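Structural features, examined
Chain by chain, the residues run as shown.
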Amino acid sequence: MRRRWTSASAAALGAVLVASGCGGGGGGNRVEVFSWWTGGGEEAGLNALIERFEEDNPGTEFVNAAVAGGSGTNAQAVLEGRLQSQDPPDSFQGHAGAELLDYIEAGHLQPLDDLYDEQGLREALPEQLVEQISHDGSVYSVPVNIHRSNVMWFNPSVLEEAGVEEPPQTLDELIGALDAVEKETDAIPMAVGAQWTVDHLLESVLLGSLGPEGYNALWEPGADWDTPEVAAALADFEAVMEHTQEESAAEDWQEAAQRVAEGEAAFNIMGDWAAGYFDELGKTAGEDYDWAPSPGTEGTYMWLSDSFTLPVGAPNEEAARTWLELVGSKEGQDAFNPLKGSVPARSDTDPQAYADSPYLSAALEEWQSGPELAGSFWHGVTVDNRWKNDIDTAVGLYLQDEDLDGLQAALHQAAQAE
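Note that the structure is predicted; figures quoted are calculated from it, not measured.

A look at the overall build of the protein chain
When helices and strands are counted, the protein chain shows 18 helices and 14 strands. Expected size for 418 residues packed as a compact globule is a radius of gyration near 22 Å; at 21 Å, the protein chain falls within 12% of this value. Oriented by its inertia axes, the alpha-carbon framework of the protein chain measures out at about 65 × 45 × 40 Å. A total of 418 residues make up the protein chain; the buried ones form 55% of that total. If you take every contact in the protein chain between residues at least 6 apart in sequence, the share linking residues at least 24 apart comes to 78%. Taken as a whole, the protein chain presents about 16,600 Å² of accessible surface, with 44% of it coming from carbon and sulfur. For the protein chain, the distance from the average site of its 17 positive side-chain charges to the average site of its 76 negative ones is 4 Å.

Below is the structure:
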């Protein structure tokens, strides 16, 4: 099987951009927090934080400035307009790591080293995590959660029908399992959705082939992608892609994940937010779906994190700092994450708060065991927006021309631009 890719039209942002002129302004006892959490578990988690903030700060008005649509792209467009107009919110959501570099280098964010010291966050957060979200020795955001990117979701019944006795642990085993599914069943071996889900798949294959040290080295400025090791990893990626379905790129991750839960597909590699989606669909863990680390990545947590910042010129800085204290606290993270479908960034949270979710309880146990960390490039940890867009462009060209050498050359060129 091979996929047929058609481009989905970009969503029009005109109506959204009008909102960029509607800033909150300063004055009074208030705090305006900007995010793209407007539905599902993420909205429920945000509302839990808001409720806690309002209980603890009855004299401060909380202004929820969330912007819907585009998986955050609409919100980022509005935010950029506000920052350029010197009308920042008091705090805004962003993925911890290199995604925030554009804001840092433009002088839009204040360092939070003093807050980290006052609140003991350097001790509460894993050392590797603090290192990976620091820039020039300073930290500019407070992580409220951790998501895992490198999760392989699979349908147990489809694997049984294909004669695959155990979930694959290596990329070679995965490719063998995909072959078996294709030969023995009518199911799609590996389900994918829109182009970004292929970028997401690529990062897990790179990690599984290169290991955490080799993978993390790819994101150093000027990193060498023109190596036999990268070529071998991309060959594995191509072998996996040969077992994906022919579908329009207009479908998103939910459709790909649902195919696994419905028995229409054997595998899907997607972040752990899929567990919450399976719950919404009323699916049962261990029966309708199961999970394992992406092949070759056991013991490594490819992480991404939602975090909150303190903009330069925040109209209500004291209230914003109070918000950041809540976001970084044990109480705040345990209120937020069970609803969001993620685990807390802190190492000292209460496992009982996550006991109702088979996935979250297992994920929390692994996170607190101190796994090796590798940052997700697609979800903003290791690369800035320029580099990320260059990778996405290279993947898009590959999906059209299937030129693997061209893909490697383009990825190498993207790294040299740093």
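Still more to cover.
Considerations on the sheet that holds strand S1 (residues 30-34)
What the five strands build is an open sheet, ordered S2-S1-S3-S13-S6; its pairing is mixed. One side of each edge strand has no neighbouring strand; the edge strands of this open sheet are strand S2 (61-64) and strand S6 (142-143). Judged from the two bridges that link them, S6 and strand S13 (residues 306-308) form a sheet pairing that is antiparallel. When the sheet's bridge partners are listed, Val142 is paired in S13 with Phe308. Sitting on the sheet, helix H2 (residues 40-56) touches S1 and S2, and the angle it makes with S2 is about 165°.

Remarks on the pattern of salt bridges
One pass over the full model with this rule turns up 16 salt bridges. Linking Glu61 and Arg30 is a salt bridge whose minimum nitrogen-to-oxygen distance equals 4.0 Å. Of the two residues, Glu61 is situated in strand S2 and Arg30 in strand S1; the sequence distance between them amounts to 31 residues. Among the residues examined, Glu61 registers a relative accessible area of 46% and is labelled partly exposed.

Brief notes about a negative patch on the surface
On the surface, Glu80, Asp102, Glu105 and Asp136 cluster together into a negatively charged patch. Classification of Asp136 as exposed rests on a relative accessible area of 73%.

What about the pairing of S1?
Within S1, five of the five residues are buried, which leaves the element mostly enclosed by the surrounding structure. Of the two faces of S1, the one holding Arg30, Glu32 and Phe34 and the one holding Val31 and Val33 are both buried throughout. With four bridges connecting them, S1 and S2 associate as parallel partners. In the strand pairing of S2, Arg30 is matched with Glu61. A crossover connection joins S1 to the parallel S2 through H2; in handedness this β-α-β unit is right-handed. The sheet contact formed by S1 and strand S3 (residues 91-95) spans two bridges and is parallel. From the neighbouring strand, Val33 faces S3, where its bridge partner is Ser91.

Observations concerning the sheet that holds strand S9 (residues 188-190)
Taken together, four strands build an open sheet; the order of strands is S9-S10-S8-S11 and the sheet is mixed. Looking along the sheet, the strands with just one partner apiece sit at the ends: S9 and strand S11 (290-293). When strand polarity is set aside, the average angle formed by the axes of neighbouring strands in this sheet is 20°. Where strand S8 (residues 151-154) meets strand S10 (residues 265-269), three bridges bridge the pair, whose relative direction is antiparallel.

Regarding unusual backbone geometry
Even without glycine at this site, Gln86 takes up a positive phi of about 55°. The residue Gln86 is located in the loop between helix H3 (73-84) and S3 in this model.

Here we look at helix H10 (residues 195-217)
Because each turn of an α-helix spans 3.6 residues, side chains separated by three or four positions in sequence point in the same direction. In this model H10 runs just 25 Å from its N-terminal to its C-terminal C-alpha over 23 residues, more than 12% under the 33 Å that 1.5 Å per residue would give. Gly211 marks the point of greatest bend in H10, at about 120°, and the proline Pro212 comes within the next four residues.

Structural notes on the packing of aromatic side chains
According to the stated counting rule, one finds 21 aromatic pairs in the structure shown. Summarising the aromatic geometry, the rings of Tyr215 and Trp219 are spaced 5.6 Å apart at their centres and angled 65° between planes, so their arrangement reads as edge-to-face. On the basis of relative accessibility, which here comes to 7%, the residue Trp219 falls in the buried class. Within the aromatic cluster, the residues linked to one another by ring pairs are Trp37, Phe53, Phe62, Phe308, Trp323 and Phe336.

A closer look at the side chain of Glu238
For Glu238, the location among the structural elements is in helix H11 (residues 228-241). Leave out the neighbours within four places in its chain, and Glu238 touches Tyr398, Glu402 and Leu404.

Remarks on the packing of H2 against helix H14 (residues 317-328)
In the contact formed by H2 and H14, the axes pass within 11 Å of each other and the chain directions differ by 120°. In terms of axis orientation, H2 runs oblique to H14. Of the two elements, H2 crosses H14, and the hand of that crossing is right-handed. Only Ala319, Thr322, Trp323 and Leu326 of H14 make contact with H2, whose side of the interface consists of Leu46, Leu49, Arg52 and Phe53.

What to know about the pairing of S10
Look at any regular strand and the pattern is simple: side chains alternate between the two faces of the sheet. A large share of S10 lies buried, amounting to five of its five residues. Examined bridge by bridge, S9 and S10 share two bridges and lie parallel to one another. Directly across from Met190, in S10, lies its bridge partner Phe267.

Some thoughts on the side chain of Ser329
Its location among the elements puts Ser329 in the loop between H14 and helix H15 (330-340). Note on Ser329: relative accessible area 14%, which makes it buried. Side-chain polar atoms of Ser329 contact the backbone oxygen of Leu326, separated by 2.8 Å.

Cut-off values and rules
Residues numbered from 1 in each chain as written. Predicted model: local features only at pLDDT ≥ 70, side-chain atom pairs only at ≥ 80, totals over all residues. Heavy atoms only, no water. Helix = DSSP H or I, 4+ residues; strand = E, 2+ residues; numbered from the N terminus. Rg over C-alpha atoms; globule rule 2.2 N^0.38 Å. Buried < 20%, exposed > 50% of the residue type's maximum accessible area, 1.4 Å probe, protein only. Contact = heavy atoms within 4.5 Å. Areas by Shrake-Rupley, 256 points an atom, 1.4 Å probe, with all protein chains shown as cover. Lys, Arg positive; Asp, Glu negative; His and termini not counted. Charge placed at Lys NZ, Arg CZ, Asp CG, Glu CD. Pairing = 2+ DSSP bridges. Axes fitted to C-alpha atoms, helices over the stretch in contact; angles between N-to-C directions. Salt bridge = Lys/Arg side-chain N within 4 Å of Asp/Glu carboxyl O. Patch = residues over 30% accessible without salt bridge, like charges linked within 9 Å, V, L, I, M, F, W, Y side chains within 5 Å. Right-handed = clockwise from strand over helix to strand, strands pointing away. Expected span 1.5 Å × (residues − 1). Bend = angle between axes of the 7 residues up to and from the residue. Phe/Tyr/Trp six-rings, centres within 6.5 Å; stacked < 30°, edge-to-face > 60°. Parallel < 35°, antiparallel > 145°, perpendicular 65-115°, else oblique. Left-handed = near helix turned anticlockwise from the far one by under 90°. Polar contact = N/O pair within 3.5 Å; in protein donor to acceptor, adjacent residues only side chain to side chain.

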